[in-house]
Amino acid sequence: MLRSLVVSTCISLCLLFNTAYAEQPNDAASLKDIAVGKAVFDINIAGNNAQKLALYLKVIEETYDGLVAQNVQPDILLAFRGSSVQMISTNQPEDMALDTEEQLEQVAELLKGLAEKGVKFEACSVATRVFNVANDSLLPNIQAVGNTFISLIGYQAKGYAVIPIY
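Predicted model, so just to flag it, every value in this text is computed and none were measured. Sequence order sets the numbering: in each chain, residues are counted from 1 along the sequence as written. Totals for whole chains, interfaces and linings use every residue, but because this is a predicted model, local features are given only for residues with pLDDT of at least 70 and side-chain atom pairs only at 80 or more, for both listing and counting. To get the side-chain values, all heavy atoms of the structure are used, and hydrogens and water are removed first.

On to the overall build of the chain, then. For the chain, the helix and strand inventory stands at 6 helices and 5 strands. Every helix listed is a DSSP run of H or I at least four residues long, and every strand listed is a run of E at least two residues long, numbered separately from the N terminus. Listed N to C, the secondary structure of the chain is α-α-β-α-β-α-β-α-β-α-β in terms of helices and strands. Each residue's exposure class comes from its accessible area (1.4 Å probe, protein chains only) as a fraction of the maximum for that residue type: buried when under 20%, exposed when over 50%, partly exposed otherwise. When the 166 residues of the chain are sorted by exposure, 35% land in the buried category. A contact between two residues is defined here by any heavy atoms of the two lying within 4.5 Å. Considering only residue pairs separated by 6 or more positions, the chain has 76% of its internal contacts joining residues 24 or more positions apart. Here the chain displays about 10,300 Å² of accessible surface, and carbon together with sulfur accounts for 56% of that area. Accessible surface is estimated by sampling points in the Shrake-Rupley manner with a 1.4 Å probe; for residues, cover comes only from the protein chains shown.

As structure tokens, then:
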């Protein structure tokens, strides 16, 4: 019985030691020989879901930081289209729910932080027209473009990965 307890304790300690000192997951295989990580995030979140947008912006920031940590220079653009353009405007409905207002403020702060890291932003003018969002009401650093479908074609032809966010 004592031998069994000693063996069990040794196994537990070995597992704990290996878990504590195991190498953290990384993306070395996919990033081998890559100096620049070029990506366009195609953001088309429906329904004014600012909470979902904020979550994805946090993941995009983590992606940026993960590239940097793995010695890859991020070259990232966020392309807003569809009803998502409503969440990147300074003009919001007066009857908006308080929690939505707070979430939109969080979205604006996350975008500001990404801009400070060098992430670029664009918004589809087709979408701003369809959803009645004035191009001059877009948050700072967001450039209105003619059509993000055309932008996505151009960026993909230049070697950017297009990552859909719906």
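Note on ring pairs: Phe, Tyr and Trp rings are taken, using the six-membered ring of Trp, and paired if centres are within 6.5 Å. Classes follow the plane angle, with under 30 degrees stacked, over 60 edge-to-face and the rest tilted. Following the criterion strictly, the structure yields 1 aromatic pair and no others. For the ring pair Tyr-155 and Tyr-160, a centre distance of 5.0 Å and an interplane angle of 75° mean the geometry is edge-to-face. We note that Tyr-155, like Tyr-160, is buried. Above the plane of the ring of Tyr-155 lies Lys-158, whose end atom (NZ or CZ) is 5.7 Å from the centre. Definition used: whenever NZ (Lys) or CZ (Arg) falls within 6 Å of the ring centre and also within 35 degrees of the ring normal, the charge is taken to sit over that ring.

Definition used for salt bridges: Asp or Glu carboxyl oxygen within 4 Å of a side-chain nitrogen of Lys or Arg. Scanning the model with the defined rule gives 4 salt bridges in all. Close ionic contact of Asp-42 with Arg-81 constitutes a salt bridge, the shortest N to O distance being 2.6 Å. In this pair, Asp-42 is assigned in strand E1 (residues 36-43) and Arg-81 in the loop between strand E2 (73-80) and helix H4 (98-117), connecting sequence segments 39 residues apart. For the pair shown, Asp-42 and Arg-81 are each scored as buried. In this structure, Lys-120 engages Asp-75 in a salt bridge whose closest nitrogen and oxygen atoms are separated by 2.9 Å. Residue Lys-120 is located in strand E3 (residues 120-124), and its partner Asp-75 is located in strand E2; the two are separated by 45 residues in the primary sequence. A residue is classified by how much of its surface remains accessible, and Lys-120, at 37% relative accessible area, is partly exposed. The network of salt bridges with common partners includes Glu-61, Asp-65 and Lys-117.

The next point concerns the environment of Gly-66. Mapped onto the secondary structure, Gly-66 falls in helix H3 (residues 50-69). Owing to a relative accessible area of 23%, Gly-66 belongs among the partly exposed residues under this scheme. Taking the C-alpha atoms as reference points, Gly-66 and Asn-26, separated by 40 residues in sequence, lie 8.6 Å from one another.

Moving on, we come to helix H6 (residues 148-157). Count 3.6 residues to each turn of an α-helix, and residues three or four apart come out pointing the same way. For H6, the complete set of buried residues consists of Thr-148, Ser-151, Leu-152 and Tyr-155. Projected down its long axis, H6 shows its buried positions confined to an angular sector of 100°, all on one face. Exposed residues pointing more than 90 degrees away from the buried face of H6 are listed as Ile-150, Ile-153 and Ala-157. The definition of a polar contact used here is a pair of N or O atoms within 3.5 Å, where within protein one atom must be able to donate a hydrogen and the other to accept one, and adjacent residues in sequence count solely through side-chain atom pairs. Among the residues of H6, the N-terminal cap falls to Asn-147, whose side-chain oxygen and the backbone nitrogen of Phe-149 are separated by 2.8 Å. A positive backbone phi angle near 95° is found at Gly-159, which sits one or two residues after H6. The directions considered for the arc are those from the helix axis to the C-beta atoms.

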